Amino acid sequence: MKLICKTCMHNCSLDPGQTGMCGARKNENGRIICSNYGKITALALDPIEKKPLKMFYPGSLILSVGSYGCNLRCAFCQNHEISMGSYVGSFTGSFLSPKELAKKAEEYQKAGNIGLAFTYNEPLVGWEYVRDTAKLVKEAGMKTALVTNGTASMDVLEEILPYIDAMNIDLKGFEEDYYRRLGGDLETVKTFIQRAKKQCHVELTTLIVPGENDNARLMEEQAKWMDPKIPLHVTRFFPRYHMTDRPPTDVQTVYRLANIAAKYVEHVFVGNC
């Protein structure tokens, strides 16, 4: 029987055995399952500023974990190998149960680790694993963070929010047409941000891509819409994936747009400059 996956705005209609466009959710035995559950492709102890989270336990380290799959199709994806590449459909990484991963996070406390960050691919295409693991990490008295594109449904967000302390959410631009070209939906992300900020620490990141979202008017509209207390990271694009024919963003453009945002937002940071 065909089933609808309601994890995100795509609402993929899946035949038995079929996997959604994210590469991580599948119609199996009459239900939608998280096929990347516990399948780890990346694990590293990172500075928390790398997430980037500048105003959540600055100077600390956090164990960062990724799986595979993503529900967007950004031509400039920096982690395309795991989000959309060879791992999708042919997993070659390691399996860690929520209990095993939570235990690793505890073990790394000796090295200064404060908790666990779900990152590298889009974590919420496998939200069940995020929920189950984050719950155990919280019970152990540690912190949890999520780096996400913010395109999950409200039902998914409500499932994970009780167990997440901080999020960095990509706000890729402030134009619906731009989001459509990335395979996403601006209003979904805006709604996600508005709900998340009520319950956890939130920071936003906007990657400035030349000729795509480097418009001063759009940055001003975005900054006016934002909660002024939410930190914003304005970051520089470098050629990646299917967008290797485009030059890096001019540094002055990044600073110019950051200065525009700073008229309305209290904390604006530039990145990759």
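Residues numbered from 1 in each chain as written. Predicted model: local features only at pLDDT ≥ 70, side-chain atom pairs only at ≥ 80, totals over all residues. Heavy atoms only, no water.

Asker: I would appreciate a short explanation of the sheet that holds strand 13 (residues 232-236) in the present structure.
Answerer: Two strands in a sheet stick together by hydrogen bonds in their backbones, pointing the same way (parallel) or opposite ways (antiparallel). Across the sheet, which stays open at both edges, the eight strands sit in the order 6-7-9-10-11-12-13-14 with mixed pairing between neighbours. The sheet is open, and its two edges are formed by strand 6 (42-47) and strand 14 (268-271), each paired on a single side. Across the sheet, the mean angle separating the axes of adjacent strands is 20° when strand polarity is ignored. In this sheet, strand 7 (residues 61-66) lies alongside strand 6 in antiparallel orientation, the contact comprising six bridges. (Pairing = 2+ DSSP bridges. Helix = DSSP H or I, 4+ residues; strand = E, 2+ residues; numbered from the N terminus. Axes fitted to C-alpha atoms, helices over the stretch in contact; angles between N-to-C directions.)

Asker: Got a minute to help me understand unusual backbone geometry in this structure?
Answerer: Glycine aside, a negative phi is what most residues show, and trans is what most peptide bonds show. Cis peptide bonds are those with omega within 30 degrees of zero, and the linkage from Lys51 to Pro52 qualifies with -5°. Position of Pro52 among the secondary structure elements: in the loop between strand 6 and strand 7. The phi dihedral of Asn11 falls on the positive side, at around 45°, and the residue is not glycine. Inspection of the secondary structure assignment puts Asn11 in the loop between strand 1 (3-4) and strand 2 (13-14).

Asker: Looking at this structure, how should I read the side chain of Thr253?
Answerer: Here Thr253 shows up in helix 8 (residues 251-261). Thr253 gets classed as buried once you look at its relative accessible area, which sits at 15%. In contact with Thr253, other than residues within four places in its own chain, are Ile208 and Asp214. (Buried < 20%, exposed > 50% of the residue type's maximum accessible area, 1.4 Å probe, protein only. Contact = heavy atoms within 4.5 Å.)

Asker: Which parts of the structure should I look at to understand the packing of aromatic side chains?
Answerer: We describe a pair of aromatic rings using the distance from one ring centre to the other and the angle between the two ring planes. On inspection of all chains with the given rule, the structure shows three aromatic pairs. Considering the side-chain rings of Tyr37 and Tyr129, the 5.1 Å spacing of their centres and the 75° angle between planes classify their relative orientation as edge-to-face. Taken together, the residues span a long stretch of sequence, with Tyr37 in the loop between strand 4 (31-34) and strand 5 (39-40) and Tyr129 in helix 3 (residues 127-139) at a distance of 92 residues. A relative accessible area of 26% places Tyr37 in the partly exposed class. Owing to a relative accessible area of 7%, Tyr129 belongs among the buried residues under this scheme. With a centroid separation of 4.9 Å and an interplanar angle of 75°, the aromatic rings of Phe56 and Tyr57 are classed as edge-to-face. Residue classification places Phe56 among the buried positions, given a relative accessible area of 8%. Of the residues examined, Tyr57 reaches a relative accessible area of 42% and is grouped as partly exposed. (Phe/Tyr/Trp six-rings, centres within 6.5 Å; stacked < 30°, edge-to-face > 60°.)

No statement about biological role is implied by the geometric values presented.
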